[in-house]
Amino acid sequence: VQLQASGGGLVQPGGSLRLSCAASGITFSIYTMTWYRQAPGKQRELVASISSGASTNYGDSVKARFTISRDNAKNTAYLQMNSLEPEDTGVYYCNARFRLGGGYNDYWGQGTLVTVSS
């Protein structure tokens with residue numbers, strides 16, 4: 001199983017980036033895909049998630065600025081980030097989770113760094 005996150009980089013405040021998370025080795029369509037981020041010195045926090053049925057959920061700090069989506073034909077989840085702020089800086093990780101019995105199948109990507117700075 002591999003989750004390959006990409007699309008991070010340096011962007012000015014107010015700018016946009018689109019992150020991608022390409023999955024292999026799993027039946028992508030049945031997994032809930034979630035983006036987390038971890039800023040320096042802070043705990044990892046949920047950014048956005050999308051279920052197998054395409055229901056979405058967002059962290060309060062990114063609502064109305066970020067959009068999560070998925071393309072099951074490409075086994076890829078996306079995070080469109082607009083109106084970026086310096087507080088959005090951090091390493092962004094993608095997660096794939098499928099509930100199985102009393103537990104979960106849980107996989108993580110390697111992270112992609114987003115830096116918002118002028």
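Residues numbered from 1 in each chain as written. Predicted model: local features only at pLDDT ≥ 70, side-chain atom pairs only at ≥ 80, totals over all residues. Heavy atoms only, no water.

**Considerations on the packing of aromatic side chains**
- Inspection of the entire model under this criterion finds three aromatic pairs.
- Look at Tyr-31 and Phe-98: their rings are 5.6 Å apart centre to centre, the planes differ by 45 degrees, and that puts the pair in the tilted class. Pair noted here: Tyr-31 is in the loop between strand 3 (17-24) and strand 4 (32-38) and Phe-98 is in strand 9 (residues 90-100), with a separation of 67 residues, a long-range link.
- Its relative accessible area of 5% is what places Tyr-31 among the buried residues.
- Taking relative accessible area as the criterion, Phe-98 reaches 25% and is therefore assigned partly exposed.
- In textbook terms, an aromatic cluster arises when at least three aromatic residues are bridged by ring pairs, as seen for Tyr-31, Phe-98 and Tyr-107.
- Here Arg-70 stacks its cationic end above the ring of Phe-28, 4.6 Å away from the centre of that ring.
- Across the ring face of Tyr-104, the terminal group of Arg-97 is positioned such that the distance to the ring centre comes to 4.2 Å. (Phe/Tyr/Trp six-rings, centres within 6.5 Å; stacked < 30°, edge-to-face > 60°. Helix = DSSP H or I, 4+ residues; strand = E, 2+ residues; numbered from the N terminus. Buried < 20%, exposed > 50% of the residue type's maximum accessible area, 1.4 Å probe, protein only. Lys NZ or Arg CZ within 6 Å of the ring centre and 35° of its normal.)

**Some thoughts on the sheet that holds strand 3**
- Within the open sheet, the four strands sit side by side as 1-3-8-7. Their pairing is antiparallel. The open sheet terminates on both sides in strands that have one partner only, identified here as strand 1 (2-6) and strand 7 (66-71). If you compare each strand with its neighbour and ignore which way they point, the axes differ by 15 degrees on average.
- Note that strand 7 and strand 8 (residues 76-81) share six bridges and pair antiparallel. Bridged to Arg-70 within strand 8 is Ala-77. (Pairing = 2+ DSSP bridges. Axes fitted to C-alpha atoms, helices over the stretch in contact; angles between N-to-C directions.)

**Things to note about the pairing of strand 5 (residues 45-50)**
- Sheet topology places strand 4 next to strand 5; five bridges connect them, and they run antiparallel. Opposite Met-33, over in strand 5, you have Ile-50 as the bridge partner.
- Here strand 5 runs beside strand 6 (residues 56-58); their pairing, made up of three bridges, is antiparallel. When the bridges of strand 6 are listed, Ile-50 appears paired with Thr-56.
- In sequence, strand 5 turns back onto strand 6 through a hairpin of five residues, with Ala-54 there showing a positive phi of about 75 degrees.

**Here's the deal with the pattern of salt bridges**
- Evaluated as defined, the whole model comprises six salt bridges.
- Here Glu-45 and Arg-37 are joined by a salt bridge, their closest N and O atoms 2.7 Å apart.
- In the salt-bridge network here, residues are joined through shared partners; they are Arg-37, Glu-45, Arg-65, Glu-85 and Asp-88. (Salt bridge = Lys/Arg side-chain N within 4 Å of Asp/Glu carboxyl O.)

**Quick notes on the environment of Val-62**
- Following the sequence through the fold, Val-62 ends up in the loop between strand 6 and strand 7.
- Using a relative accessible area of 1% as the deciding quantity, one classes Val-62 as buried.
- Sequence separation between Val-62 and Gly-101 is 39 residues; the distance between their C-alpha atoms is 32 Å.

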